[in-house]
Amino acid sequence: MSAISVVSLFNLTSPRDLPISSPLAATKTVSCQFGKKTSQSTDPVCHPVSHIPLKPLKLFPNIPKLLPHSCKHLTSPLKTLKLLLHKERIPLYPRSPEKCPLHTAKLFPPSLPKSLPSPPPPQTTSPKLLSPVSTSPLSRVFLPPLPKTLPSPPEAAASRRPGLLPPPPLPDTTGPLFEHQPFIVSWNIPDMVCKRYNISLDTSPFKGVATPAKVPGQFLSLFYTDRLGLYPHVDLMRKKQLNGGIPQRGNLRASMNKARADVNYYIPSKTSRGLAVIDWEEWRPLWDRNWGTKRIYQTLSVAHLMQTNRSLTLQQATKKAKYQFQVAAKSFMSGKLAIGRAMRPNYLWGFYLFPNCYNYGWERPSYTGRCSKEVRRQNDELLWLWESSTALYPSIYLQVGLADNPKAALMVRNRIQEALRVSALPKRSVTVPVFAYMRPVFVDHNRRFLSQGDLVNTIGESAALGGSGTVVWGASADYDNQTSCAALSSYLSSTLNPYITNVTTAAQLCSNFLCRGNGRCVRKNYNSNHYLHLNPENFRILHVQKRYLVLGRPTLTDLKALSRRFTCQCYKGLSCSPRTDKELDKALMFSVKQGLSQKFNALNKAMVDDTLQASITKDHVKNNLKV
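Treat the numbers as computed from the prediction; the structure is a model and nothing was measured. (Residues numbered from 1 in each chain as written. Predicted model: local features only at pLDDT ≥ 70, side-chain atom pairs only at ≥ 80, totals over all residues. Heavy atoms only, no water.)

Asker: Is there a simple way to explain helix H10 (residues 482-514) in this structure?
Answerer: Given 3.6 residues per turn, any residue in an α-helix points the same way as the ones three and four places further on. Here H10 spans 45 Å end to end across 33 residues, near enough to the 48 Å set by a 1.5 Å rise per residue. Leu492 marks the point of greatest bend in H10, at about 55°. For H10, the tally of buried residues reaches 27 of 33 residues, placing the bulk of the element in the interior. In this structure Asn481 caps H10, since a side-chain oxygen of it lies 3.2 Å from the backbone nitrogen of Thr483. (Helix = DSSP H or I, 4+ residues; strand = E, 2+ residues; numbered from the N terminus. Expected span 1.5 Å × (residues − 1). Bend = angle between axes of the 7 residues up to and from the residue. Buried < 20%, exposed > 50% of the residue type's maximum accessible area, 1.4 Å probe, protein only. Polar contact = N/O pair within 3.5 Å; in protein donor to acceptor, adjacent residues only side chain to side chain.)

Asker: Can you help me understand the pairing of strand E7 (residues 220-223) in this one?
Answerer: Within a regular strand, the side chains alternate between the two sheet faces. Burial along E7 is two-sided: the face carrying Leu220 and Leu222 and the face carrying Ser221 and Phe223 are both buried. With four bridges connecting them, E7 and strand E10 (residues 274-278) associate as parallel partners. Considered in E10, the bridge of Ser221 is made with Ala276. (Pairing = 2+ DSSP bridges.)

Asker: When you look at the pattern of salt bridges in this model, what are you seeing that I'm missing?
Answerer: One side chain can pair with another of opposite charge once the charged atoms of both are near each other. The tally for this structure, following the rule as stated, stands at 14 salt bridges. A salt bridge links Glu374 to Arg377; the shortest N-O distance between them is 2.5 Å. Of this pair, Glu374 and Arg377 both sit in helix H6 (residues 373-381), separated by three residues, roughly a single helical turn. Taking the relative accessible area as the measure of exposure, Glu374 reaches 39% and is therefore partly exposed. Arg377 gets classed as partly exposed once you look at its relative accessible area, which sits at 38%. (Salt bridge = Lys/Arg side-chain N within 4 Å of Asp/Glu carboxyl O.)

Asker: What is the right way to read the side chain of Ser221 from this model?
Answerer: In this structure, Ser221 sits in strand E7. In this view, Ser221 contacts Tyr266, Ile267, Leu275, Ala276, Val277 and Tyr347; residues no more than four positions away in its chain are not counted. (Contact = heavy atoms within 4.5 Å.)

Asker: How should the state of the cysteines be read in this particular structure?
Answerer: Working definition: the covalent bond between the sulfur atoms of two cysteines is a disulfide. Taken as a whole, this structure holds five disulfides when the rule is applied. The partner cysteine of Cys357 in its disulfide is Cys371, sulfur to sulfur 2.0 Å. Taking the torsion about the S-S bond as the criterion, the Cys357 to Cys371 disulfide, at about -120°, is left-handed. With Cys357 in the loop between strand E11 (347-351) and H6 and Cys371 in the loop between E11 and H6, this pair connects stretches of sequence that are 14 residues apart. (Disulfide = S-S within 2.5 Å.)

Asker: What's the story with the packing of aromatic side chains in this structure? I'm lost.
Answerer: Counted by the stated rule, this structure contains 21 aromatic pairs. Taking the centre distance of 5.8 Å and the plane angle of 75° together, the rings of Trp287 and Phe325 count as edge-to-face. Of this pair, Trp287 sits in the loop between E10 and helix H4 (295-308) while Phe325 sits in helix H5 (residues 314-343), placing them 38 residues apart in sequence. Judged by relative accessible area, Trp287 falls into the buried class, the value being 5%. Residue Phe325 is classed as buried on the basis of its relative accessible area, which comes to 0%. On the basis of an interplanar angle of 50° and a centroid distance of 5.9 Å, the ring pair of Tyr360 and Trp362 is categorised as tilted. Each member of the pair, Tyr360 as well as Trp362, carries the same accessibility label: buried. One aromatic cluster in this structure is built from Tyr231, Trp280, Trp283, Trp287, Phe325, Phe351 and Phe354. The residue whose ring lies beneath Arg284 is Trp291, and the NZ or CZ to ring-centre distance is 4.7 Å. Positioned above the aromatic ring of Tyr531 is the side chain of Arg523, whose terminal nitrogen or guanidinium carbon lies 4.8 Å from the ring centre. (Phe/Tyr/Trp six-rings, centres within 6.5 Å; stacked < 30°, edge-to-face > 60°. Lys NZ or Arg CZ within 6 Å of the ring centre and 35° of its normal.)

Asker: Please explain the packing of H10 against helix H11 (residues 556-565) as it appears in this structure.
Answerer: A pair of packed helices is captured by two measures, namely the crossing angle of their axes and the spacing between those axes. The N-to-C vectors of H10 and H11 enclose an angle of 85°; their axes lie 11 Å apart at closest approach. Put simply, H10 runs roughly perpendicular to H11. Along its contact with H10, which presents Leu509, Cys510, Phe513 and Leu514, the element H11 presents Leu559, Leu562 and Ser563. In the contact of H10 with H11, the residues fall into six nonpolar, one polar and no charged. (Axes fitted to C-alpha atoms, helices over the stretch in contact; angles between N-to-C directions. Parallel < 35°, antiparallel > 145°, perpendicular 65-115°, else oblique. Nonpolar A, V, L, I, M, F, W, Y, C, P; charged D, E, K, R; others polar.)

Asker: Explain the sheet that holds E10 to me, please; I cannot follow it from the model alone.
Answerer: The pairing of strands in a sheet happens through backbone hydrogen bonds and is either parallel or antiparallel. The strand order across the open sheet built from three strands is E7-E10-E11, with neighbouring strands paired in parallel fashion. The strands lining the two open edges of the sheet, one partner per strand, are E7 and E11. Geometrically, the sheet is characterised by an average inter-axis angle of 15° between neighbouring strands, direction not taken into account. Sheet strands touched by H5: E10 and E11. Its angle to E11, the strand with the most contacts, is close to 175°.

What follows is the structure, given as structure tokens:
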């Protein structure tokens, strides 16, 4: 679980500073950048368990087709910092595409301009900064400097017109699971096959490493259909009704008793903290959302009612069956959450895929990604679910049609924003955290990894909007042989891990400087193209002894840019009003005076430590740090 050590060339303006990574050995540069998002399948049930869309099955031929079809400055940038190891200067990014394996090489043209037109011409020169513009062609992720102004949608400009009222203050939110880490990325990928082939997977930047397998005591407990109580559903493949088939026929009391035993087994510790995700996807609690293959639950519900009351007309039976189904569905879902909250209150409980935005149709030229009014209205009907949940787990999986596609940002952006909206619906003192599920591969092409641009449009969007984190999930079929495991290992070191290090550190920096360490940064305009990324002119990311080390500190210009683009959402009971430019200047000055020399001294000591002499000699580290 370890993770990113930040050598505070930027001090966190807080007495609780990040630790410095101990002895630097075999130091190497982490290069390569970001990418985009993932979405779900056409049937809106894209899911932790890699489903193949099922063809409609005629399950129960004796049941008539009763229902019609019904249908989301201080100073000196770090380029002056020379860290000489093995007589080489360590850059933030590779100088040639060949140094980026897998799909990432194409993202690095020979060079990029320091100022970024939108969209940039294809023959521009090497990336300078970590703040991509999602409107540019995402086969190449261009990263303009933080001080530059990024293009924004029309509503962003409108919000700055004189006379318009500022947006209302954000409600307080639940504090982070890990202190001073407002945004985390958790690992939830099976690794048994990779271990069998002795292929190591570097999960050091992740906070919370778990597997979807039936392993108790994990940071993330994933409850599939057979792991939490007696879940009534239809097995379409086997054409069987399990535990009553429909919630009206399920044994709620027996299900709750088994659920208590399941919680005790999978989360044995009563004091540990983590994420608890219930993955029930066979039916949806709102009647009208059970379309496609899920229509069987409507059909079975009406048939069940008409068998018990033959005097009802079809219209009467349908209306009554809808009511009974939704009441029973609510009892099962809210009941499981209540048991989880009562038994393991330190875990964050919620259902995977909730809320959903159903914002498909990205192939249309006019696609905006916005959730429809009808979808938002239906999500409002699920107020009982948001009141019962202590975290929300929407899905931002991508299909290959959204690879290197600006529409991926729109799709993910609006799904996260909808989750943040419904998290504020219950009448309570704080909003619950949002952890978006993403996959490192495409839903419909599980041998192709997300590009750097795809990561920006998934993880980057989640962080910039004010999400608490993302969960990187994988199916067993994604990594089932030596080749796929080797590819995953390479992808982690070349692409995913450096980006996670970047965005989580940038989120922490913004929180500490702008929000006084008492809240997380949130885009002022949710539909803008502003991201939480480190400025590569001032920072370096190193891979040191199986850890990621960030060297650098922001300039006042960087902090002012954050202030223009982001506001603060406070943690419960804390004050986090955004610092003014003068306050940012003072905070930066204070951080340098209080922490900079100490951190440099510690770093120098580590680098000349006896443990490093085998690989780094005194000649190699002469003047290794200069500011």
